[in-house]
Amino acid sequence: MKPQFRRYRMKVLSILSLLFRFSLAASQICRDQSSCNNCLQHSQECVWCNNQNYTGSNCFERNATSDVASCGEQYIVNLISNLTVISNDEDVGSASQLNSSETIVNPEQVYLSTRANQVHRFNVSISIPFNYPLDFYYLMDFSCSMFDDLQTIQDLSPEIINTLESLTSNFKVGFGAFSDKETLPFTHEILEPFCADASIAGVSEHSSFNYIHYQSLTSNRDVFLERIKQLNITSNLDSPESTLEALMQAVVCTEVIGWRPTASHIVLLATDAPYHIAGDGKLTGALLPHDMKCHLSQLPDDTYQYDESLDLDYPSIGQIQHVMLQERIVPIFAIASNRSIEHFKDMREQLQLTSYIDELNPSSANILDLIREGYNSLAQNIELLLPTDIEGVNILVRPLCDQTSGVACTNIARGETASFEVSIEVTDCAAAQRKQNITLRYPFLAVSIDVELEVLCDCDCAMELERNSTTCNYRGDFVCARCQCDNTRGFGRSCECELEEGDDPNKDQGNGNNRCPIGLNNLMCSGNGNCTCNKCECKDDFEGDACENQCICANGCGGVSNGRCVCGRERNNPSCMCMEPFEGKFCNCTKDTSTCTANIEENIEANIELCSGNGACNCGACDCNDDCRGALCDRCQDQLMCQLHRACVQCELVRDGKANVVPPNDCDNSCKTSRFVDPVNTTTTHTINGFTANRCSFTDNSNCFYTFYVALNDDFELQTLEIENMLSWYRVTKATVYMSIFRV
C-alpha cells in the first residue's frame with residue numbers, strides 16, 4: 001500500500017469515527033430526557049412518543065425510524081417551528097422611495113413560532129432617503145461659565161438654521177436651557193447677580209432655574225431666531241448641573257416639545273460641566289425618585305418651566321436610557337471641557353444607544369461643524385438596537401455591509417442600503433414568555449421591525465395529568481404516557497424502583513433504565529448488560545458496575561441456569577458463582593434430592609428414604625454402600641434381599657410338594673428361575689456361578705425350617721437362587737437363576 005493512500009485511508013477512518021461518536025452523543029442527548037416538555041425543549045432533533053405501550057425511551061431522535069415505527073407515527077409529538085417574513089411591496093433602494101422622505105425597511109413584520117434551542121435567521125435591509133425629516137432640539141447649559149457660548153449661539157443662530165437646511169429641507173428646530181435645582185446647596189436663594197462675565201458685558205442675569213423650555217420645534221426660522229436673541233444666562237453654586245433632569249423633560253414632554261412620530265429626533269446637549277446623578281437631590285430635600293413623567297408648567301411668555309425640581313430627585317442614567325429608546329431620541333454631546341467630556345463618555349457607554357460625542361471649542365466656535373459631523377455620523381452608521389429586557393430569548397445582529405464596526409454598518413451614504421442578518425433563539429423555556437412582541441429599532445430613523453414571537457415549549461398532553469397514578473404505583477404522576485416519579489418515593493418507568501440508603505432524593509433518576517454507569521465504548525453498561533433501576537444487570541461472563549469486566553471459566557459454570565463466572569478482585573482467577581439449587585466448583589452439582597427417592601405416586605409401597613437408606617445422595621444421584629446397588633441403592637446383599645425373594649422360594653416349595661407353606665397369589669410371576677440343591681457346607685463361603693451367595697432362612701406353618709441362597713452379580717442383578725433339599729435336585733432350565741431347598 002502506498003504511503004499517500006495509507007494516510008488518506010487513516011484520515012477517512014478518523015472522520016468516520018468522529019461522526020459515529022457524534023451520532024451516539026446526539027442519540028443519548030435525546031434519550032436522557034424523562035418528560036415530554038424537557039424532550040422537546042432540549043433539541044429540535046428530539047421527538048416524544050405518547051404511547052403508553054411503548055417500552056423504549058419515550059424521547060428519541062426524529063430520524064430514528066425504528067423507534068418511530070415501534071411507537072406509531074400517530075403517537076409522535078413533535079412541535080414544528082415556523083418562520084414567516086412579511087416583506088415590503090416596494091424594493092429597498094428604489095429611486096421613487098429614496099427621493100421621498102420615507103425610509104424603506106424589509107421586512108416590516110416577522111412571525112416566528114419556535115421550539116427552544118433552535119436558531120432562526122432572516123435578513124433586514126434599510127434604505128436611507130435623501131430628504132428624511134429631522135427634529136433638532138438644542139439643549140444648552142445656561143450656567144455662568146457658558147456665557148460666551150450663549151453669545152456665540154445667538155450670533156450663529158442663522159448659520160445653524162442654514163446648516164440644518166443643508167442636511168434636509170424637512171426640518172424643525174427647538175431650544176431649551178438648564179442650570180440646577182433652585183435651592184441650597186446647589187443654587188443661591190438670593191436674586192442678586194453672581195455672573196461676573198454677564199455683568200461686564202452689561203447683560204442682565206436670569207433668576208435661577210432648573211430647566212426652561214424656550215422654543216418648541218418649529219420650521220419658522222424667524223420665530224426661532226427671535227426667541228434666541230431674548231435669552232439670558234443664569235448662575236449656580238456647584239459645578240455639576242441638572243443635565244439629566246433637563247434631558248428627561250426634553251424627551252418625555254413630546255407634545256410640548258413637538259416631536260414628530262415620523263422624523264429623526266436629535267437632542268444636541270451643550271455643556272462644560274458634569275451632571276448630578278440620582279441621589280444628589282436628597283441634599284435639597286427632593287426625596288422622591290423621579291417618575292419619568294412630564295412636569296412642565298407654561299409661563300406667561302409662552303415658555304415652559306420644570307415645576308417638580310424641589311420634590312423629585314435627579315433621574316438615573318438607566319431611566320434616561322429607557323425614555324430615549326422609547327421616544328427614539330438620539331443625543332449629540334457637545335462638551336466644552338476636557339475634564340467634563342470623560343463624564344459624558346462614561347454616560348454614553350452606559351446608555352448603549354446610538355449617539356455622537358465631540359469637544360466643543362471655546363465659545364462654541366465649532367458648533368456648525370459639530371452639528372454637521374454629528375448628523376452625518378448618526379445617519380451613515382446604521383445599527384439595529386435590540387430590546388434588553390427579553391428573558392429566555394437570545395437575539396443577535398450581524399451586519400452584512402462592506403464596512404462594519406461591531407454590529408453597525410458604517411459609511412452608508414444617503415440613497416444606499418444597509419443589510420443585516422438577525423438570528424433569534426429561545427434559550428430558556430422557563431424564563432421566556434410564551435407569546436410576546438419584539439421590536440428591532442434604528443433610532444435615528446422612524447424604522448422598526450416587529451417580531452411576533454410564539455415560544456413552543458409545552459406538550460399538549462402535559463395538560464392531561466393523572467396525579468398519584470396507579471400506573472405509577474402511587475409514587476408519581478402519569479402524564480404523556482410516562483410516569484413522572486416523586487424521587488423521594490421511587491423512580492423507574494413505573495416508579496417501581498426504591499431509593500437505597502445513601503441515594504440523593506434530589507438526583508434525577510431518569511426513567512430507571514437510563515442512568516446506569518457508562519462503560520466501554522462510551523456505552524451504558526458497556527453494551528454488556530441491561531439497565532434496571534439504574535443498576536447494570538450484566539450478561540453472562542460480564543461483571544463490574546458498568547459490566548466492563550469479562551470473566552471466562554473453563555467449563556462455563558454448568559450453563560446459564562447453573563451459575564455465572566465472576567472475577568472479583570483477582571482478575572486472574574475466575575470462579576463460578578452458583579445459582580440455587582446448584583453447588584460445587586463448576587456448579588454442576590445439584591442440591592435437589594428428589595432424584596434419590598422412589599416415585600411414591602407410581603409405587604405406594606416404595607421406600608421414600610434417600611437412596612433407600614443404603615447410601616448418600618450426592619449431586620442428585622445415589623452413592624450406594626458397598627453391599628448395595630441400583631439407582632436408588634435398593635438391591636443389597638442382606639436380609640432385605642431374603643425378604644424380597646422369600647415369595648419365590650415359597651412358590652417353588654408348594655409347586656414341588658416339599659413344604660406346608662401358604663404360597664403367594666402371584667406364584668406364576670414371583671419366581672422365574674430357581675433350583676434345588678443339596679445342603680451347603682456352612683463352614684465355607686458359598687458361591688453361585690462365581691458370585692458370593694447370601695444365606696436366607698424361614699419357617700413354614702409346620703415349623704419346618706427352610707434355607708436358600710441368593711447371589712447378585714456386580715451390577716446387583718439377581719444371578720442365582722438356590723434352595724437346599726436333602727432328598728433330590730430340581731432345576732428350572734429356562735432361566736439363569738437357580739434354587740436349592742433343604743427341609744428339616
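One can find the structure itself at the top, above this paragraph.
What you are looking at is a predicted structure, and each value in this text was computed from that prediction instead of being measured.

Participant: How should I be thinking about unusual backbone geometry in this particular structure?
Facilitator: Excluding glycine, residues mostly have negative phi values, and the peptide bonds linking residues are mostly trans. Between Asn106 and the following residue, Pro107, the backbone shows a cis peptide bond with an omega angle of -5°. Mapping Pro107 onto the fold places it in the loop between strand S5 (104–106) and strand S6 (109–115). Going from Glu580 to Pro581, the amide bond is cis rather than trans, its omega being 5°. Of note, Pro581 is situated in the loop between strand S30 (575–578) and strand S31 (582–583). Unusually for a residue other than glycine, Cys480 sits at a positive phi of about 55°. Turning to its location among the elements, Cys480 is positioned in the loop between strand S23 (476–479) and strand S24 (482–485). We classify Cys480 as buried; its relative accessible area is 5%.

Participant: What's the story with the nonpolar core in this structure? I'm lost.
Facilitator: If you look at soluble globular proteins, the nonpolar side chains tend to sit buried side by side. Ile126, Tyr138, Phe142, Phe175 and Leu268 are the most contacted members of the largest nonpolar core, which totals 76 residues. Sequence-distant contacts of Leu268, defined by excluding residues within four places in its chain, comprise Phe136, Tyr137, Tyr138, Leu139, Ile332, Ala334, Ile367, Leu370 and Ile371. Judged by nonpolar contacts, the second largest core, of 37 residues, contains Leu247, Met248, Tyr275 and Leu296.

Participant: Explain empty space enclosed by the protein here, please?
Facilitator: Empty space among the atoms can be located by rolling a probe the size of a water molecule over them. Taken as a whole, this structure holds 1 cavity of 30 Å³ or more when the rule is applied. Empty space within the largest cavity amounts to approximately 30 Å³. Around the largest cavity, the lining residues are Ile128, Pro129, Tyr132, Ser264, Tyr375, Ala379, Arg414, Phe444 and Leu445.

Participant: Help me understand the pairing of strand S11 (residues 264–271) in this model?
Facilitator: Walk down a regular strand and you will see the side chains alternate between the two sheet faces. With respect to burial, S11 is a largely interior element, 8 of its 8 residues being buried. Judged by which residues are buried, S11 turns out to be covered on both faces: Ser264, Ile266, Leu268 and Ala270 on one side and His265, Val267, Leu269 and Thr271 on the other are all buried. Of the strand pairs in this sheet, strand S8 (residues 134–141) and S11 are connected by 7 bridges, and their pairing is parallel. Counted as the bridge partner of Phe136 is Ile266 from S11. Relative to strand S14 (residues 329–335), S11 runs parallel, the two being bridged by 7 bridges. Across the sheet, the residue bridging to Leu269 is Phe333, located in S14.

Rules behind the numbers
Residues numbered from 1 in each chain as written. Predicted model: local features only at pLDDT ≥ 70, side-chain atom pairs only at ≥ 80, totals over all residues. Heavy atoms only, no water. Helix = DSSP H or I, 4+ residues; strand = E, 2+ residues; numbered from the N terminus. Buried < 20%, exposed > 50% of the residue type's maximum accessible area, 1.4 Å probe, protein only. Core = buried A, V, L, I, M, F, W, Y, C linked by side-chain atoms within 4.5 Å. Contact = heavy atoms within 4.5 Å. 1 Å grid on protein atoms, 1.4 Å probe; cavity = no way out; pocket = protein on both sides within 12 Å on 5 of 7 lines; lining within 4 Å. Points joined across faces, edges and corners; volume = space filled by probe spheres on them. Pairing = 2+ DSSP bridges.

The quantities given are spatial measurements derived from coordinates; they are silent on function.
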